[in-house]
Each structure stands twice: as structure tokens, then as C-alpha cells.
Amino acid sequence: DMVSDNRTLVTEFIILGFPNVREVELLLFVTFLLMYALTFTENVAIILVIGMDYRLHTPMYFFIINLSFLDIGYTTVTVPKMLANIAIQSQTISITGCFTQLYIFFFLGSTECFLLTSMAYDRYLAICNPLHYTTIMDRRACLWLALGCWLCGFLAPALPTAFIFRLPFCGSNIINHFFCDSPPLLELSCQDVFEIEVINFVVGTTVLMSSFILTVISYIFIVATILHIPTAEVRSKAFSTCASHLTIVTIFYGTAMFMYIRTKTIQTFDFNKTVSVFYSVVTPVLNPIIYSLRNNDIKQGMRKVLLKQ
């Protein structure tokens, strides 16, 4: 056995969360609660409006619905538990609960990577190949693309999570983070984790870089095509449809790459926590605002739905 008898195995973890200063905790509680409520409301509104307005039953809005479901799931898997930790000062989480949270978080995060790539491909077809857009991006193609994103996202974290799950944890059981993330978990194992760090790095890099590179390639073609559009008005309209997607891509990939494409975990976990807040709490709040709520079609759809009531 890799764990000697005089060391007790950990059966639950304590999630440290944020500084234990009550005033700061209350401020964080209110901030995260508002952000979670906003994320939930915005995304549910978008799903309902797109679902109820037939004019919005297009590939772009179909992918936006998928993104909304992802953002709801993404925040729900971490924020309510974090709010409970602050509110009732109960910071324990069972090993099973911890690994479930870890797996679902990475499943949804990976799916979002692939979905952002599909959205970039959709924009590429719409701008670079408009004449064949409707025949290529038909309902069947949309469903297969979305299904592929969810399936790849589901499979991506399976191997790293399985390996971490088999690790023995003994000694300290305090996770210096606000959810069960792999870097702070690996810190707690009483076994050499180098191989698992390499697996984590390879899987994380493959998911992030493959989807990021494909997204960038789509945008190189898109920008090249837009620059050749003779009229300034059409050019600016084409740019504005892509600007929102590019903003989301930049925030999401920028913070996620910083966190996960590193072989060795940086020791300043407090800094890591701040970065994690960006892609796990801030991005899902911004996505609907940047992507959909500024969009005239969605605004008209909302008016239509509200006036119907």
C-alpha cells in the first residue's frame, strides 16, 4: 500500500474559500449572489426568447442557447456551494462531492471551448461563404456540431479526474480554493503527482489549444474577407457581429490558459483564486450581456415576448 498505516486517509475536504474576515466575506457573498442571480436570469431569458421567437431559430442563436445552458451549469456547479460556505460557515465537502464538482466543472468548461470554436466556424461560413451558408449549416449540421461539443467536453476530463480520484490523500485536507480544482487537490496528495500533472497538462493543453487555434484560423479568414468588403457600412456590420464573440473568446481563453497550461502549479493560490473567479463567475455574467442582450434581434424578441404577456 502506498499509504503507510500511521497516516490517516482523508474522507472529506475543507474548502478554504476566501479570507475569513467577516466584512470581506459579506461583501463577497452579496457580490457572488448578485452575479449568480444575474447569470441565471439573463441566460434563462435568452433561452426563452430564442425558443419563443421563430425568427431567431437560426444556427447562431441555436449555439447561443447552448452557451446559455453551459453558463448556467458552469456557475451552478461552483457558486451555490461557495455561497453556502460563506453563509453557514460549513466548508466541508465529501470526497465524492469534490470529485463530482471537479468533473462537471471541467466537462462544462471543455464543452464551452469546443462550442466557441463551433460558433467561430459558423461566423466563418456566414461571412466567407454566404451563398452556401444555409445548405452547409442546416439543422442537422448544427445538431451534430453541438452534440460533438458536448460529447468531447464530457470525455475530456475523464482520464485526469480518474487518476486524481485514485490518489491517496492524507495529512492536510484543506483545499486552498473556492471549489474543487485540480491544482490545489494535487497539492494535498501524499503521493508523487508528477505523472498526473503531465496528464493534466497534456489534456488541458489539447482542449484549450486545439479549440483556440481553430477559432483563430476562422477569424483570420473572417478578417481577411471583411477587409475586402468595399462598402464601409457592410464592413462595420460584419465586424460588429464578430466583435462580441471575439471579446468572449479573449476573456475565456486568456484566463483559462493562464490557469491550466502550466506544468507546475504556481504556489500563490490566492492569485489563482482571483483568476479562477474571472472564468467561472465573471465570464458567464458577461456572455449574455456582450453576446445577446446588446443584439437587436434579441431585444426585439424580448419586446415581442413581453408584449404577448
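Reading the values: the criteria
Residues numbered from 1 in each chain as written. Predicted model: local features only at pLDDT ≥ 70, side-chain atom pairs only at ≥ 80, totals over all residues. Heavy atoms only, no water. Helix = DSSP H or I, 4+ residues; strand = E, 2+ residues; numbered from the N terminus. Rg over C-alpha atoms; globule rule 2.2 N^0.38 Å. Buried < 20%, exposed > 50% of the residue type's maximum accessible area, 1.4 Å probe, protein only. Salt bridge = Lys/Arg side-chain N within 4 Å of Asp/Glu carboxyl O. Axes fitted to C-alpha atoms, helices over the stretch in contact; angles between N-to-C directions. Parallel < 35°, antiparallel > 145°, perpendicular 65-115°, else oblique. Left-handed = near helix turned anticlockwise from the far one by under 90°. Contact = heavy atoms within 4.5 Å. Nonpolar A, V, L, I, M, F, W, Y, C, P; charged D, E, K, R; others polar. Arc of directions from axis to C-beta. Pairing = 2+ DSSP bridges. Disulfide = S-S within 2.5 Å. Phe/Tyr/Trp six-rings, centres within 6.5 Å; stacked < 30°, edge-to-face > 60°.

Peer 1: Is there a simple way to explain the overall build of the chain in this structure?
Peer 2: From N to C terminus, the chain includes 12 helices and 3 strands. Relative to a compact globule of 309 residues, whose C-alpha radius of gyration would be 19 Å, the chain shows 21 Å and is just as compact. Considered along the principal axes of its C-alpha atoms, the chain spans approximately 75 × 40 × 30 Å. The 309 residues of the chain split such that 49% are buried.

Peer 1: Please clarify how the pattern of salt bridges should be interpreted in this entry.
Peer 2: Two side chains that carry opposite charge are able to pair once their charged atoms sit near each other. Tallying each qualifying case throughout the model produces 3 salt bridges. Its salt-bridge partner being D53, residue K304 comes within 3.5 Å of it at the nearest N-O pair. Of this pair, K304 sits in helix α12 (residues 296-308) while D53 is found in the loop between α1 (22-52) and α2 (59-76), placing the two residues 251 residues apart along the sequence. For K304, a relative accessible area of 41% gives the class partly exposed. Residues R123 and D122 are paired through a salt bridge, measuring 3.0 Å at the closest nitrogen-oxygen approach.

Peer 1: Just checking my understanding: could you explain the packing of helix α4 (residues 95-128) against helix α9 (residues 194-227) for this structure?
Peer 2: Packed helix pairs are specified by the crossing angle of their axes together with the interaxial distance, meaning the distance between the axes. Two numbers describe how α4 lies on α9: the axes approach to 9 Å, and their chain directions differ by 20°. Viewed along their axes, α4 and α9 adopt a mutual orientation that is roughly parallel. The hand of the α4/α9 crossing is left-handed. Listed contacts from α9 to S110, C113, F114, L116, T117, A120, Y121, R123, Y124, I127 and C128 of α4 are V207, L208, S210, S211, L214, T215, S218, Y219, F221, I222, T225 and I226. Partitioned by chemical class, the residues of the contact of α4 with α9 number 15 nonpolar, 7 polar and 1 charged.

Peer 1: Can you help me understand helix α7 (residues 158-165) in this one?
Peer 2: A turn of α-helix holds 3.6 residues, and therefore any two residues three or four places apart point the same way. What α7 keeps buried is the set P160, T161 and I164. End-on view of α7: buried residues confined to an arc of 95°, all on one side of the axis. Turning to α7, the residues buried within the fold contact α4, α8 (182-188) and α9.

Peer 1: Looking at this structure, how should I read the sheet that holds strand β2 (residues 92-94)?
Peer 2: Hydrogen bonds between backbone atoms are what pair the strands of a sheet, whose relative direction is either parallel or antiparallel. One open sheet holds the 3 strands; their spatial order is β2-β1-β3, and the pairing between them is mixed. Strand pairing shows two members of the sheet lacking a second neighbour, β2 and β3 (174-175), which therefore form its edges. By the bridge criterion, 2 bridges tie strand β1 (residues 12-15) to β3 in an arrangement that is parallel. Among the inter-strand pairings, I14 is bridged to a residue of β3, identified as I174. α4 rests against β1, β2 and β3 of the sheet, and its axis sits at about 85° to β2.

Peer 1: I keep staring at the state of the cysteines and nothing clicks. Help me out?
Peer 2: Each disulfide consists of a covalent bond between the sulfur atoms of two cysteine residues. The final tally for this structure, using the stated rule, is 2 disulfides. Here C98 is linked by a disulfide to C180, with a sulfur-sulfur distance of 2.0 Å. Between C98 and C180, the disulfide has an S-S torsion of -120° and is therefore left-handed. A residue pair is termed long-range when its members are at least 10 positions apart, and C98 in helix α4 and C180 in the loop between β3 and α8 qualify at 82 residues. Residue classification places C180 among the buried positions, given a relative accessible area of 0%. At a sulfur-sulfur separation of 1.9 Å, the disulfide partner of C170 is C190. Between C170 and C190 the disulfide shows an S-S torsion of about 135°. By sign, it is right-handed. Here the residue C170 occupies a position in the loop between α7 and β3, and C190 occupies one in the loop between α8 and α9, the gap between them amounting to 20 residues. When the bonded cysteines of the chain are counted from the start of the sequence, the pairing works out to 1-3, 2-4. Of all cysteine sulfurs, the one in C149 lies closest to C142, which takes part in no disulfide; the gap is 11 Å. Given a relative accessible area of 5%, C142 falls into the buried group.

Peer 1: Please clarify how the packing of aromatic side chains should be interpreted in this entry.
Peer 2: Each aromatic ring pair is summarised here by two numbers: the centre-to-centre distance and the angle between the ring planes. Within the structure shown, the criterion is met by 17 aromatic pairs. A centroid spacing of 6.0 Å and a plane angle of 65° characterise the contact between F107 and W150, whose relative ring orientation is edge-to-face. Of this pair, F107 sits in helix α4 while W150 is found in helix α6 (residues 139-155), placing the two residues 43 residues apart along the sequence. Taking relative accessible area as the criterion, W150 reaches 25% and is therefore assigned partly exposed. With 5.1 Å between their ring centres and 65° between their planes, F178 and F179 make a pair best called edge-to-face.

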